[in-house]
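# Observations on chain architecture
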Amino acid sequence: MPIRPNEVVLGSLLGSCSAHGKLELGERLLQELVQMDPHNTEYHILLSNMYALAGKREKANSLRHVLKKMGIRKNPGMSSIHIGGQVHRFSAGDKSHPRTQEIYIMLDEMIRRLRLAGYVPNTAFQVFSGCGSGEDNANEQEEKELALFSHSEKLAICFGLISTKAGVPLYIFKNLRICQDCHSAIKIVSEIYSREIVIRDRNRFHCFKQGSCSCSDYW
Ligand SMILES: [Zn+2]
Ligand SMILES: [Zn+2]
């Protein structure tokens, strides 16, 4: 690049490293990113999950300890959707919206249809928030899946689907980087519900349409 890459560029590159399992490059990028934005925990979490996926549990845990020592807390992820002249905000597992019941009924239905279409929940990226004992029993697996299902962007989409007419595009804003599982789920949602879904996350725009995303899975 003719100019020094900024945080957004390096963050996207780290995301690509994660998609391709490039650990060494990821480690180098994290060092640079920490200097640029010492208070951002997203990148530590991303790299920690990469270690965990590669079976390097010790390294994953040590990174987690670094975060704990620094007293950094994970930023809560929030998704907003603009409907009927109002902004509706959701956090993960949110049950505060007046239409919560309908939203969760829609979510159940959506997950059922996603599974029929071949969706498999990607709980590998949840390692960091899990207890880290490494012993995955059926219950723990189920808990991880449930936590994934109620990510804020999934809730915002369900609300969008029940509040708008068929075919109307949904526009969502997410304050953090969209997770791998939501990204692959939303691709399928755009296909099975024939909806264009545009999400602006911390790094970029994602335009989901007919089963794929404009970012071609690089973000
Ligand atoms: Zn997610
Ligand atoms: Zn995308």
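For every chain, the first residue of the written sequence is number 1, and numbering continues from 1 along that sequence. To read the labels, note that chains go from A and ligands from 1, taken in the order they are written. Per-residue local features are limited, in this predicted model, to residues with pLDDT of at least 70; the limit for side-chain atom pairs, both in listing and counting, is 80 or more; totals at the level of whole chains, interfaces and linings are taken over all residues. Each side-chain value is derived from all of the structure's non-hydrogen atoms; neither hydrogens nor water enter the calculation.

So, about the environment of Val87. By the element assignment, Val87 lies in strand 2 (residues 86–91). Put simply, Val87 and Asp201 are 114 residues apart on the chain and 16 Å apart in space, counted from C-alpha to C-alpha. Contacts are residue-level and defined by heavy atoms, with any inter-residue pair within 4.5 Å sufficient. Sequence-distant contacts of Val87, defined by excluding residues within four places in its chain, comprise Ser80, Ile81 and His82. To qualify as a helix, a DSSP run of H or I must reach at least 4 residues; to qualify as a strand, a run of E must reach at least 2; elements of each kind are numbered from the N terminus.

This part is about the coordination of the zinc ion (ligand 1). Coordination here is defined by N, O and S atoms within 2.8 Å of the metal (3.2 Å for Na, K and Ca), and since water is not considered, a site can look incomplete. The coordination sphere of the zinc ion (ligand 1), as far as protein atoms go, consists of His151 (ND1), Cys179 (SG) and Cys182 (SG), spread over 2.0 to 2.3 Å. Site description for the zinc ion (ligand 1): donor spacing in sequence, H-x27-C-x2-C. Within this pair, whereas His151 is found in the loop between helix 6 (138–149) and helix 7 (152–163), its partner Cys182 is found in helix 8 (residues 180–192), the two being separated by 31 residues in sequence. Relative accessibility thresholds used throughout: buried, under 20% of the residue-type maximum; exposed, over 50%; partly exposed, between the two (1.4 Å probe, protein chains only). A residue is classified by how much of its surface remains accessible, and His151, at 16% relative accessible area, is buried. Relative accessible area serves as the criterion here: at 0%, Cys182 is assigned to the buried category.

A word on the coordination of the zinc ion (ligand 2). Each protein donor to the zinc ion (ligand 2) is listed here as His183 (NE2), His206 (ND1), Cys213 (SG) and Cys215 (SG); together their distances run 2.0 to 2.3 Å. Geometry at the zinc ion (ligand 2) is tetrahedral, judged from its four donor atoms and the angles of 102 to 113° they form at the metal. Counting residues between consecutive donors of the zinc ion (ligand 2) along the chain gives the motif H-x22-H-x6-C-x1-C. One end of the pair, His183, is in helix 8; the other, Cys213, is in strand 6 (residues 212–213), with 30 residues separating them in the sequence. Donor angles set the geometry label: tetrahedral for four donors if every angle is between 85 and 135 degrees, square planar for four and octahedral for six if opposite donors exceed 155 degrees and the others are between 65 and 115, irregular for anything else.

Only the stretch in contact is used when fitting a helix axis, every axis being a line fitted to C-alpha atoms; angles between N-to-C directions are given from 0 to 180 degrees. Between helix 5 (residues 100–116) and helix 7, the shortest axis-to-axis distance is 9 Å and the interhelical angle comes to 100°. Between helix 5 and helix 7, the crossing angle belongs to the class labelled roughly perpendicular. Where helix 5 abuts helix 7, its residues Glu102, Ile103, Tyr104, Met106, Leu107 and Met110 lie against Lys154, Leu155, Ile157, Cys158, Phe159, Leu161 and Ile162. When residue character is reported, Ala, Val, Leu, Ile, Met, Phe, Trp, Tyr, Cys and Pro are called nonpolar, Asp, Glu, Lys and Arg charged, and the others, Gly included, polar. Of the residues contributing to the contact of helix 5 with helix 7, the split by class is eleven nonpolar, no polar and two charged. To sort the angles, those under 35 degrees are grouped as roughly parallel, those over 145 as roughly antiparallel, those from 65 to 115 as roughly perpendicular, and the leftovers as oblique.

Turning our attention to the nonpolar core. Buried residues of nine kinds, namely Ala, Val, Leu, Ile, Met, Phe, Trp, Tyr and Cys, make up a nonpolar core once their side-chain atoms join them within 4.5 Å. In this structure, Ile81, Met110, Ile157, Ile186 and Ile197 are the most contacted members of the largest nonpolar core, which totals 33 residues. Elements with a minimum of two residues in this core: strand 1 (78–83), helix 5, helix 6, helix 7, strand 3 (170–174), helix 8 and strand 4 (197–200). Among all residues touching Ile197, those that are not within four sequence positions of it are Ile157, Leu170, Ile186, Val189, Ser190, His206, Cys207 and Phe208. Cys17, Leu29, Leu33 and Leu46 belong to the second largest nonpolar core, which has 15 residues in total.

In this section: the domain arrangement of the protein chain. One can read the domain layout of the protein chain as domain 1 (7–70) and domain 2 (78–213). Residue ranges for the domains originate in an automatic or database domain assignment. Spacing between the C-alpha centres of domain 1 and domain 2 amounts to 24 Å.

Residue position: Thr123 is located in the loop between helix 5 and helix 6. Note on Thr123: relative accessible area 11%, which makes it buried. For the pair Thr123 and Glu143, spaced 20 residues apart in sequence, the C-alpha to C-alpha distance is 9.8 Å. Those residues in contact with Thr123, other than ones at most four positions away along the chain, are Gln141, Lys144, Glu145 and Leu148.

Below, the discussion takes up unusual backbone geometry. Phi at Gln210 is positive, roughly 45°, even though this residue is not glycine. You can see Gln210 is positioned in the loop between strand 5 (205–209) and strand 6. Positive phi, normally seen in glycine, also occurs at Asp217, with a value near 70°. For Asp217, the position within the fold is in the segment after strand 6. Residue classification places Asp217 among the partly exposed positions, given a relative accessible area of 33%.

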